Amino acid sequence: MINIAVLGYGTVGSGVVEVINTNGARINQRIGDELNVKYVLDLRDFPEDPIQEKLIHDFEVIAQDPDVQIVVEVMGGIEPAYTFVKRSLLAGKSVATSNKALVAKHGAELLSIAHEKGINFLFEASVGGGIPIIRPLNSSMTADEIEEITGILNGTTNYMLTKMFYEGAAYEEVLKEAQAKGYAERNPEADVEGHDACRKIAILSSLISGQQVDFEDIYTEGITNITKQDMMYAKEMGMTIKLLASSKRHGNHLHAIVAPYLLDSSHPLYSVNDVFNAIFVHGNVLGDAMFYGSGAGKLPTASAVVADVVDEAKHLHRNIMTMWKSDKLELLPISDTSKRFFVRISGNADAMKAYLDSRFGPVEIVKVDGLDGEFGFVTEEMTEGKYETIAKEFPGILHMIRVEG
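Residues numbered from 1 in each chain as written. Predicted model: local features only at pLDDT ≥ 70, side-chain atom pairs only at ≥ 80, totals over all residues. Heavy atoms only, no water.

K.L.:
Would you explain unusual backbone geometry in this entry?
P.N.:
Peptide bonds are mostly trans, and most non-glycine residues show a negative phi. Cis rather than trans, the peptide bond between Glu 79 and Pro 80 has omega equal to 5°. Counting through the fold element by element, Pro 80 comes out in the loop between β4 (68–73) and α4 (81–90). Unusually for a residue other than glycine, Asp 274 sits at a positive phi of about 60°. Along the polypeptide, Asp 274 turns up in the loop between β11 (253–264) and β12 (276–283). (Helix = DSSP H or I, 4+ residues; strand = E, 2+ residues; numbered from the N terminus.)

What follows is the structure, encoded as structure tokens:
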């Protein structure tokens, strides 16, 4: 029998127990042993739930029980999760977590402890929810140099942008609807400001680079400034707007960014809508690959956590996870990266075209019926630094959105 302890009995924690109860026979067959939830740690009591008989309130019970071989951390946040996870690993217990904040901040240290102890620290559910991406990068794609990972990594913002695009709804309207449906928190800042996606791309960047990528170093821009008018221009151009989290190699450097992008219909992420997530990966040998599915939700996320538990149960005394060094990776400054830009500006297109060409290079003018007193244009490829310098000369600029591909 393999005993596990679950830290946290919220949405994901209860989902983990449900997945084990529902698919226990199949899980045991794949492990070759019986998986048993021995403890569930939570501050609360659940008197109407059968889990109550396994519920404890003191982590020391788990830390000091040698029969607990695997700990599942689904509490969220940095503390006390970090303390509990580190102590579990030091006690020789493997850990599976869905905690992106924890992995982004302390992943290098926790992976190192697991490696030294010959156990595992796995975190598949921390990035794509139910979408497998960590495991493929750790095993299936280890022969590749990963040159790009670009993903829609937040279901809340993707749902909101989808509604804005197809229904012509305003930002505030779709935010209220997302909150009513439980897709967005009462305080939606982590999602709509891009912080959630930023931590996820930081984890993926650390994994593919082998060095610590701090999420604080990643340029992050959310969707709060996206308007109905922006979506009207996107439709006029046969494009859509998605919040992308991207990590790309530029020579010997890595560049990471989270920001809204315009995508045309040929882009693999163009048709990823509603609360679904998708991750595009380009390897120098494999070429292109796509991972698509439910990026959040109780059971999809719990499924990924339990998959890690199964992996750990099959490798109780052998470390299987790629490490990254704690040495910090210096990212390529955003000002040195190149792309095209879509710009909305007040004024008359015919009167301004020649001057825009002289400053930005040949631009493509975009007009939308019903939007008077403004127009849009798309620049040629240029560095972010050059764009910012030239844009200062045009006080009439209303909004800029980057163009992918």
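Read on for the rest.
K.L.:
Just checking my understanding: could you explain the packing of aromatic side chains for this structure?
P.N.:
Think of a pair of aromatic rings as described by two things: how far the centres are apart, and how the planes are tilted against each other in angle. If you walk through the whole model with that rule in mind, you get 13 aromatic pairs. Taking the centre distance of 5.6 Å and the plane angle of 45° together, the rings of Phe 121 and Phe 123 count as tilted. Note on Phe 360 and Tyr 387: the rings are 6.0 Å apart at their centroids and 35° apart in plane angle, and the pair reads as tilted. Of this pair, Phe 360 sits in helix α14 (residues 349–360) while Tyr 387 is found in helix α15 (residues 384–391), placing the two residues 27 residues apart along the sequence. Classification of Tyr 387 by relative accessible area gives buried; the value is 3%. Following the ring pairs from residue to residue traces out a cluster consisting of Phe 341, Tyr 355, Phe 360, Phe 377, Tyr 387 and Phe 394. Stacked on the ring of Phe 215, the Lys or Arg Arg 199 has its end atom at 4.1 Å from the ring centre. (Phe/Tyr/Trp six-rings, centres within 6.5 Å; stacked < 30°, edge-to-face > 60°. Buried < 20%, exposed > 50% of the residue type's maximum accessible area, 1.4 Å probe, protein only. Lys NZ or Arg CZ within 6 Å of the ring centre and 35° of its normal.)

K.L.:
Even after reading the chapter, I still don't get the pattern of salt bridges, so can you show me in this structure?
P.N.:
Any two side chains of opposite charge can pair, so long as their charged atoms come close to each other. Under the definition given, this model contains 26 salt bridges. In this structure, Lys 163 engages Glu 177 in a salt bridge whose closest nitrogen and oxygen atoms are separated by 2.9 Å. With Lys 163 in helix α8 (residues 155–167) and Glu 177 in helix α9 (residues 171–180), the pair connects residues that are 14 residues apart, well separated along the chain. Given a relative accessible area of 13%, Lys 163 falls into the buried group. (Salt bridge = Lys/Arg side-chain N within 4 Å of Asp/Glu carboxyl O.)

K.L.:
Sorry if this is basic, but what is going on with the nonpolar core here?
P.N.:
The nonpolar side chains of a soluble globular protein tend to be buried, and buried together. Ile 62, Phe 121 and Leu 137 are the most contacted members of the largest nonpolar core, which has 89 residues in total. With sequence-adjacent residues up to four places away left out, Ile 62 is seen in contact with Ala 5, Leu 7, Tyr 39, Leu 41, Ile 56, Val 68, Val 71 and Lys 93. Ranked by size, the runner-up nonpolar core spans 30 residues in total, among them Ile 51, Val 74, Ala 96 and Ala 313. (Core = buried A, V, L, I, M, F, W, Y, C linked by side-chain atoms within 4.5 Å. Contact = heavy atoms within 4.5 Å.)

K.L.:
Got a minute to help me understand the pairing of strand β7 (residues 146–152) in this structure?
P.N.:
Two faces make up the sheet, and in a regular strand the side chains alternate between them. With respect to burial, β7 is a largely interior element, 6 of its 7 residues being buried. For β7 and β12, the ladder comprises 6 bridges, and the chain directions are antiparallel. Within β12, the residue paired with Glu 148 across the bridge is His 282. In the sheet, β7 pairs with strand β10 (residues 239–250) via 4 bridges, with the strands oriented antiparallel. The residue of β10 that forms the bridge with Thr 150 is Ser 246. (Pairing = 2+ DSSP bridges.)

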